[in-house]
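Listed here are the chains, written in short residue letters.
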Amino acid sequence: MEGYEVLNTQKLKRILKSLQSYKKSGASREMDLLISCMLCILFTMALVKTFYVVAGGSKTSSGRLPPGPVALPIVGNLLQLGDKPHKSLAKLAKIHGPIMSLKLGKVTAVIFSSATMAKEVLQKHDIAFANRTVCLVDAVRVHEHEDAGLPWLPISPAWRIHRKVCNSYIFSGQRLDASQEIRQKKVQELLVFVEESCCSGKPIDIGQAAFSTIVNLLSNTIFSVDLADSDSDIARMFKRVVNGIMEEAGKPNLSDYFPLLRKIDPQGIRRRMTLYFGKILELFDQMIKDRSRLRKEPDFISSNDVLDTLLDICERNSEDFDRSHIEHLFLVLFVAGTDTTSSTLEWAMAELLRNPEALFRARAELEQTIGKGNRVQESDVARLPYLQAIIKETFRLHAAVPLLLPRKAAEDVEVAGYKVPKDAQVMVNAWAIGRDPSIWEDSNSFVPERFLRSEIDARGQHFELIPFGAGRRVCPGLPLAIHMLHLMLGSLIHSFDWKLEDGVTPETMNMEDKFGLTLQKAQPLRAIPIPK
């Protein structure tokens, strides 16, 4: 039985020991349940596999896969992912290298964990790896989102239409210039909200306040209305739904790795995603209906916002871009745009409060460049290199999407002498690249100064820092996120002093993260603004 490895007593002991140590490491309750279930079926299924191999049912494939950890029968390496796969995979990459293969149930996955390897995926072989693994991601296969959601569409005419809509009508330089006044207004409203808390001495949930600001910025740009106040029930509900979507979409899902389980949805992920998506799509459907009705009235005057623009496109080209596409595009914009930007701002504020020297230097730069009491304008950002460095350093340490959205190999591809087989799931660990000690000195420390002497930026041209991805599937919302992050962070630290809640010090701050499709702070940052 060439190539067959007997599951002997010593190997069983190693498996059990690794599972026990994993459970002690603080895995989530759901992952504990998964471990228990897998332990129950492991030996039975191993016996079945043994019979299958002996009977000649196993065939070795040609080509050399990248190295990787030994896989358990049936489940493969699933249990090694844990509840923080970005960290687990980074640890495994230190052992097996920057290109590594894993067996996740029935799926072969290849993980890239260095800037050099990321360039291979996102630039050199961009075409071969351009499509998504939507056939694997069961969580987004609800409300037909897999057929209309921009991040999941294959490279196709439909994808090109959606991409053109984003680049030409939503995030183009002309559109961003036209909406600059809206951004300034929304940030000013954020400062008014902070001022009210300042007077009462109450702490602010930084992530929630930033989230509400981004929601209202997008809703004004798209619908010409506010969807939420800074501390309203609607804003909190919207954030819970968005956080729920990101958390569910980021969970290791048994249905993705064992397709036979899709019908029963054993973890309930698809059921919860159906509810979350339904809430947001229902809201957008009603807003589109209201606008469509208004457009039919004789005295209607177009507001020239994004919704009017897209309805015009829809009327001209309804076969390729209809109302359903508009709804799903808005779902992507609001979910991805609000969550990633607000969480990055929260991480940036947390790092500054944890590193008072960096906060002091940022304030000194703002006062010297803008002047005390003056508002921060977008045009000022180019003259604020340390503020820019803070944002880059936050991207590096806390990549908004730690494992860039998974891709699928369209064909067998040779990378660094190894074979990435057709239909393999391809993942780039942006979190690991951001903390790679071969690239970054003192890689786990918050040191914005490193970017003052570096030309590296976060726009997808330098593979050492790719929070928005790179190549043809780079995030289309990158320009708006960059604008808002600098404007919000600069305004918050220039207009107010800040202190942590009572009992919390920079040394005792909880900086643990919570994995989902995006990386959240496990404990929300609450800070008290103080008048300057």
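It should be noted that the structure appears before, not after, this text.
Since the structure is predicted, the reported quantities are computational estimates derived from the model, not experimental observations.

A.B. asks: Can you tell me about the nonpolar core, naming the residues and giving the values?
C.D. replies: Core analysis: the largest hydrophobic core is formed by 110 residues, its most contacted members being Leu310, Ile326, Phe330, Leu489 and Trp498. Ranked by the residues each element gives to this core, the list is headed by helix α13 (residues 323-354), at 14 residues. For Trp498, the residues in contact, after removing those within four places along its chain, are Val194, Ile204, Ile206, Met349, Leu353, Arg363, Leu492, Ile493, Ala527, Ile528, Pro529 and Ile530. Listed in part, the 25 residues of the second largest apolar core include Val413, Val415, Val426 and Ile466.

A.B. asks: Could you give an account of the pairing of strand β1 (residues 99-104), with specific residues and numbers?
C.D. replies: For a regular strand, the rule is simple: side chains alternate between the two faces of the sheet. Within β1, five of the six residues are buried, leaving the element largely enclosed by the surrounding structure. Sheet topology places β1 next to strand β2 (residues 107-112); six bridges connect them, and they run antiparallel. Opposite Leu104, over in β2, you have Val107 as the bridge partner. Connecting β1 to the next strand, β2, in antiparallel fashion are two residues, including Gly105 with a positive phi near 65°.

A.B. asks: Tell me about the sheet that holds strand β7 (residues 425-428), and name the residues and values.
C.D. replies: What the four strands build is an open sheet, ordered β1-β2-β7-β4; its pairing is mixed. Two strands lie at the open edges of the sheet, namely β1 and β4 (407-408), each paired on one side alone. Note that β4 and β7 share two bridges and pair antiparallel. Bridge pairing in β7 links Lys408 to Gln425. Sitting on the sheet, helix α3 (residues 85-96) is in contact with β1 and β2, with an inclination near 125° to β1. Its contacts with the sheet put helix α4 (residues 115-124) on β1, β2, β4 and β7, and the angle it makes with β7 is roughly 130°.

A.B. asks: Residues and numbers for the environment of Val447, please.
C.D. replies: If you trace the backbone, Val447 turns up in the loop between α16 (430-434) and α17 (478-495). Residues Val447 and Ala358, 89 residues apart in the sequence, show an inter-C-alpha distance of 8.0 Å.

A.B. asks: Can you explain the environment of Ile433? Please cite residues and give values.
C.D. replies: Within the fold, Ile433 resides in helix α16. When the C-alpha atoms of Ile433 and Leu397 are compared, they prove to be 9.4 Å apart, with 36 residues separating the residues in sequence. Discounting chain neighbours no more than four positions away, the residues touching Ile433 are Ser113, Ser114, Ala115, Ala118, Val428, Ile439, Trp440, Phe463, Glu464 and Ile466.

A.B. asks: Outline the pattern of salt bridges, supporting the account with residue identities and numerical values.
C.D. replies: Scanning all chains against the criterion turns up 29 salt bridges. Residue Arg271 is joined to Asp265 by a salt bridge in which the shortest nitrogen-to-oxygen separation is 3.5 Å. On the basis of relative accessible area, Asp265 is assigned to the buried category, the value being 1%. One salt bridge in this structure joins Glu351 and Arg354, with 3.8 Å as the shortest N-O distance. Of the two residues, Glu351 and Arg354 both sit in helix α13, three residues apart, roughly one turn of that helix.

A.B. asks: Give me the pairing of strand β8 (residues 496-500): which residues, what numbers.
C.D. replies: The alternating pattern of β8 places Phe496, Trp498 and Leu500 on a buried face and Asp497 and Lys499 on a face that is not buried. Sheet analysis places β8 next to strand β11 (residues 526-531), joined by five bridges and oriented antiparallel. Note on β11: the bridge partner recorded for Leu500 is Ala527.

A.B. asks: Can you lay out the sheet that holds strand β3 (residues 204-205) for me, pointing to particular residues and giving the numbers?
C.D. replies: Strand order in the open sheet formed by three strands is β3-β11-β8, with antiparallel pairing between adjacent strands. The sheet terminates laterally at β3 and β8, the two strands that pair on one side only.

A.B. asks: Report on the packing of aromatic side chains, specifying residues and quantitative values.
C.D. replies: On inspection of all chains with the given rule, the structure shows 10 aromatic pairs. Ring centres of Phe223 and Phe334 lie 6.1 Å apart, and the angle between their planes is 20°; this geometry places the pair in the stacked category. In this pair, Phe223 sits in helix α8 (residues 206-223) while Phe334 sits in helix α13, placing the two residues 111 residues apart along the sequence. Both residues of the pair, Phe223 and Phe334, count as buried. Summarising the aromatic geometry, the rings of Trp440 and Phe451 are spaced 5.5 Å apart at their centres and angled 50° between planes, so their arrangement reads as tilted. Within this pair, whereas Trp440 is found in the loop between α16 and α17, its partner Phe451 is found in the loop between α16 and α17, the two being separated by 11 residues in sequence.

A.B. asks: If you had to explain the environment of Ile313 to someone new, which residues and values would you point to?
C.D. replies: Within the element layout of this structure, Ile313 appears in helix α12 (residues 306-316). Residues Ile313 and Val165, 148 residues apart in the sequence, show an inter-C-alpha distance of 9.1 Å. Leave out the neighbours within four places in its chain, and Ile313 touches Val165, Tyr169 and Phe321.

Quick notes on the rules
- Residues numbered from 1 in each chain as written.
- Predicted model: local features only at pLDDT ≥ 70, side-chain atom pairs only at ≥ 80, totals over all residues.
- Heavy atoms only, no water.
- Core = buried A, V, L, I, M, F, W, Y, C linked by side-chain atoms within 4.5 Å.
- Buried < 20%, exposed > 50% of the residue type's maximum accessible area, 1.4 Å probe, protein only.
- Helix = DSSP H or I, 4+ residues; strand = E, 2+ residues; numbered from the N terminus.
- Contact = heavy atoms within 4.5 Å.
- Pairing = 2+ DSSP bridges.
- Axes fitted to C-alpha atoms, helices over the stretch in contact; angles between N-to-C directions.
- Salt bridge = Lys/Arg side-chain N within 4 Å of Asp/Glu carboxyl O.
- Phe/Tyr/Trp six-rings, centres within 6.5 Å; stacked < 30°, edge-to-face > 60°.

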